[in-house]
Amino acid sequence: MNIQEYKGVFVFAQQVDNELSGIALELVGKGKDLAKDLGTEVTAVLVGSGIKGLADELAEYGADKVIVVDDPELKEYRTEPYAHALASVINEFKPEIFLVGATAIGRDLGPRVSARIHTGLTADCTQLDIGDFPINPIPGKEQLHNQLLMTRPAFGGNTIATIACPNFRPQMATVRPGVMQKAERVPGAKAEVIEFNPGFTPDNKYVEILKIVKSVSDVADIMDAKILVSGGRGVGSAENFKLLDDLAEVLGGTVSCSRAVVDAGWKPKDLQVGQTGKTVRPNVYFAIGISGAIQHVAGMEESDIIIAINKDESAPIFDVADYGIVGDLNKIVPALTEKLKAELANK
Ligand SMILES: Cc1cc2nc3c(=O)[nH]c(=O)nc-3n(C[C@H](O)[C@H](O)[C@H](O)COP(=O)(O)OP(=O)(O)OC[C@H]3O[C@@H](n4cnc5c(N)ncnc54)[C@H](O)[C@@H]3O)c2cc1C
């Protein structure tokens, strides 16, 4: 492999039912930053059937080029034809970096593609930078420049590892949704659109879709919430979450929770914040009866304002909180709700 031939930052622009997933735009945003550091361009790879119209949206969020792989075989996501599409794009266009969202689709697709094109993949990254590798010079070992440094939690979240892929290209990573930020939308921005179809054999499939059953959820997506009222084991019971529902209602917020709450069966997994839950970035995050374990903090530390309520003044959550209230949540939360209700009624 001549790694000098590989140029540019490519991102997989995931779409479902001809709608771009949020992660597609987040990756374009991050890809743009990385491309700037490397003095190159960001290219979005759009795969599906009848999806060319989505190229403009990718351009408005910062894509310089969009490669469209459009084929009836790609209408619904299936591992085999999608892996063939991406591996063919990589073999043809030779990017130096290829990013995929760590969604259900991306977690299936990314490793399959990386194995097929014989490169490495770092899964579930929370940070990506361009830099030197080894990060600190090692005598007798060449320090390479302009490498993709891929950072992710390791050993159950107890340490943070930075990983590079110096000898193979592209450098591949899956990235957690909600961690990177979309770029500012520039209405009317245009990208160069390149249509590419490597050819698909209709019967070359291991999976046949018989029926698609969509789950209907009446739970708000906590990743979209501007205000999150999050509860932990300290709330005490499923019923006692009523205190948090009331506070969320007054603020126009959404209730979320820690893993301890999901494990106790008090709330569904969809509401879990953290390393094995969702990464959130609201304007205001209330951490109520949450101790602040590293795996929880990993999912909420980027919130603009963090307000912690905990009866233990030494709880680690106070280390990341902007405001802290030490005391019994059963007294503080209803008092806060009443006070806010009165304040808002006077406006
Ligand atoms: C691989 C791995 C992945 C994980 N992923 C996640 C994840 O995604 N998300 C996550 O949340 N956790 C995750 N965890 C679990 C994590 O380590 C913690 O166990 C969990 O976050 C603890 O939840 P908690 O803060 O609600 O409970 P606790 O740690 O039990 O804390 C409860 C807090 O409530 C306070 N409290 C109790 N009563 C009151 C009261 N009346 N008033 C005020 N405060 C009170 C206590 O002082 C305490 O600080 C993971 C763990 C591992 C090993």
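Just above sits the structure.
What you see is a predicted model, and the numbers here were worked out from it, not measured in a lab.

## Details of the overall build of the protein chain
Thought 1: Secondary structure assignment for the protein chain yields nine helices and 17 strands.
Thought 2: For the protein chain, whose C-alpha radius of gyration is 22 Å, the value lies close to the compact-globule estimate of 20 Å for 347 residues.
Thought 3: If you line up the protein chain on its principal axes, its C-alpha atoms span 65 × 60 × 40 Å.
Thought 4: Per element, the accessible surface of the protein chain, about 17,300 Å² overall, is 49% carbon and sulfur.
Thought 5: With 35 positive and 47 negative side-chain charges, the protein chain shows a separation of 2 Å between the mean positions of the two kinds.

## Details of the site of the ligand
Thought 1: The environment of the ligand is made up of 26 residues, and the closest members are Arg-233, Ser-258, Thr-276, Ser-291 and Asn-310.
Thought 2: Residue Gly-289 places a main-chain N or O atom 3.0 Å away from an oxygen atom belonging to the ligand.
Thought 3: Taking Lys-311, its main chain carries an N or O atom lying 3.1 Å from a nitrogen atom of the ligand.
Thought 4: Across the complex, the protein chains shield 77% of the 990 Å² of accessible surface that the ligand would expose by itself.
Thought 5: Put simply, the parts of the chain that give the shell around the ligand at least two residues each are helix H6 (259–263), helix H7 (294–297) and helix H9 (329–345).
Thought 6: In the shell around the ligand, the residues fall into five nonpolar, 16 polar and five charged.

## Overview of the sheet that holds strand S10 (residues 159–163)
For sheets, the rule is that strands pair by backbone hydrogen bonds, running either parallel or antiparallel.
Thought 1: Here we have three strands laid out as an open sheet, ordered S8-S9-S10, and antiparallel in their pairing. Of all strands in the sheet, those with a lone pairing partner are strand S8 (127–133) and S10, marking the two edges. Sheet twist, expressed as the average angle between the axes of neighbouring strands with direction ignored, equals 35 degrees.
Thought 2: Pairing analysis gives six bridges linking S8 to strand S9 (residues 144–154), with the strands arranged antiparallel. If you follow Leu-128 over to S9, its bridge partner there is Met-150.
Thought 3: The strands that helix H1 (residues 22–38) touches are S8 and S9; relative to S8, the one it contacts most, it runs at about 20 degrees.

## Quick look at the pattern of salt bridges
Thought 1: Evaluated as defined, the whole model comprises 15 salt bridges.
Thought 2: A salt bridge links Lys-65 to Glu-41; the nearest nitrogen and oxygen atoms lie 3.3 Å apart. With a gap of 24 residues between them, Lys-65 in strand S5 (residues 65–70) and Glu-41 in the loop between H1 and strand S4 (42–48) connect regions that are remote in the sequence.
Thought 3: The partner of Lys-278 in a salt bridge is Asp-221, and the shortest N-O contact between them spans 3.4 Å. Of this pair, Lys-278 sits in the loop between H6 and strand S15 (284–288) while Asp-221 sits in the loop between strand S12 (192–195) and strand S13 (227–231), and the two are 57 residues apart along the sequence.
Thought 4: With relative accessibility at 34%, the residue Asp-221 sits in the partly exposed group.
Thought 5: Salt bridges sharing partners connect three or more residues here, namely Arg-107, Asp-124 and Arg-176.

## Points about the pairing of S13
Thought 1: Counting buried residues in S13 gives five out of five residues, a clear majority hidden from the surface.
Thought 2: Burial along S13 is two-sided: Ile-227, Val-229 and Gly-231 and Leu-228 and Ser-230, pointing in opposite directions, are all buried.
Thought 3: Bridge count between S13 and S15: five bridges; the pairing is parallel. Each residue of the ladder has a partner; that of Val-229, found in S15, is Phe-286.
Thought 4: Where S13 lies against strand S14 (residues 254–257), four bridges are found, and the strand directions are parallel. The partner of Val-229 across the bridge, within S14, is Val-255.
Thought 5: The parallel pair S13 and S14, bridged by helix H5 (residues 242–251), forms a crossover whose chirality is right-handed.

## Overview of the packing of H5 against H9
Thought 1: Between H5 and H9, whose axes approach to 9 Å, the crossing angle comes to 20 degrees. Our classification of the angle between H5 and H9 gives roughly parallel. Helix-helix and strand crossings are classified by hand; for H5 and H9 the assignment is left-handed. Two secondary-structure elements touch here, H5 through Leu-243, Asp-246, Leu-247, Val-250 and Leu-251 and H9 through Leu-329, Asn-330, Val-333, Pro-334, Leu-336, Thr-337, Leu-340, Lys-341 and Leu-344.
Thought 2: In terms of residue class, the contact of H5 with H9 is built from ten nonpolar, two polar and two charged.

## Observations concerning the side chain of His-296
Thought 1: Mapped onto the secondary structure, His-296 falls in helix H7.
Thought 2: With residues up to four places along the chain from it excluded, the contact list for His-296 reads Ser-230, Cys-257, Ser-258, Val-273, Gly-274, Tyr-285 and Ile-290.

## Let's talk about the pairing of S5
Thought 1: In the sheet, S4 pairs with S5 via six bridges, with the strands oriented parallel. Of the residues in S5, the one forming a bridge with Ala-44 is Val-66.
Thought 2: Once the chain exits S4 it traverses helix H2 (residues 55–60) before rejoining the sheet at S5, and the crossover so formed is right-handed.
Thought 3: Relative to S12, S5 runs parallel, the two sharing four bridges. Counted as the bridge partner of Val-68 is Glu-195 from S12.

What counts, and where the lines are drawn
- Residues numbered from 1 in each chain as written.
- Predicted model: local features only at pLDDT ≥ 70, side-chain atom pairs only at ≥ 80, totals over all residues.
- Heavy atoms only, no water.
- Helix = DSSP H or I, 4+ residues; strand = E, 2+ residues; numbered from the N terminus.
- Rg over C-alpha atoms; globule rule 2.2 N^0.38 Å.
- Areas by Shrake-Rupley, 256 points an atom, 1.4 Å probe, with all protein chains shown as cover.
- Lys, Arg positive; Asp, Glu negative; His and termini not counted.
- Charge placed at Lys NZ, Arg CZ, Asp CG, Glu CD.
- Near = heavy atom within 4 Å.
- Polar contact = N/O pair within 3.5 Å; in protein donor to acceptor, adjacent residues only side chain to side chain.
- Nonpolar A, V, L, I, M, F, W, Y, C, P; charged D, E, K, R; others polar.
- Pairing = 2+ DSSP bridges.
- Axes fitted to C-alpha atoms, helices over the stretch in contact; angles between N-to-C directions.
- Contact = heavy atoms within 4.5 Å.
- Salt bridge = Lys/Arg side-chain N within 4 Å of Asp/Glu carboxyl O.
- Buried < 20%, exposed > 50% of the residue type's maximum accessible area, 1.4 Å probe, protein only.
- Right-handed = clockwise from strand over helix to strand, strands pointing away.
- Parallel < 35°, antiparallel > 145°, perpendicular 65-115°, else oblique.
- Left-handed = near helix turned anticlockwise from the far one by under 90°.

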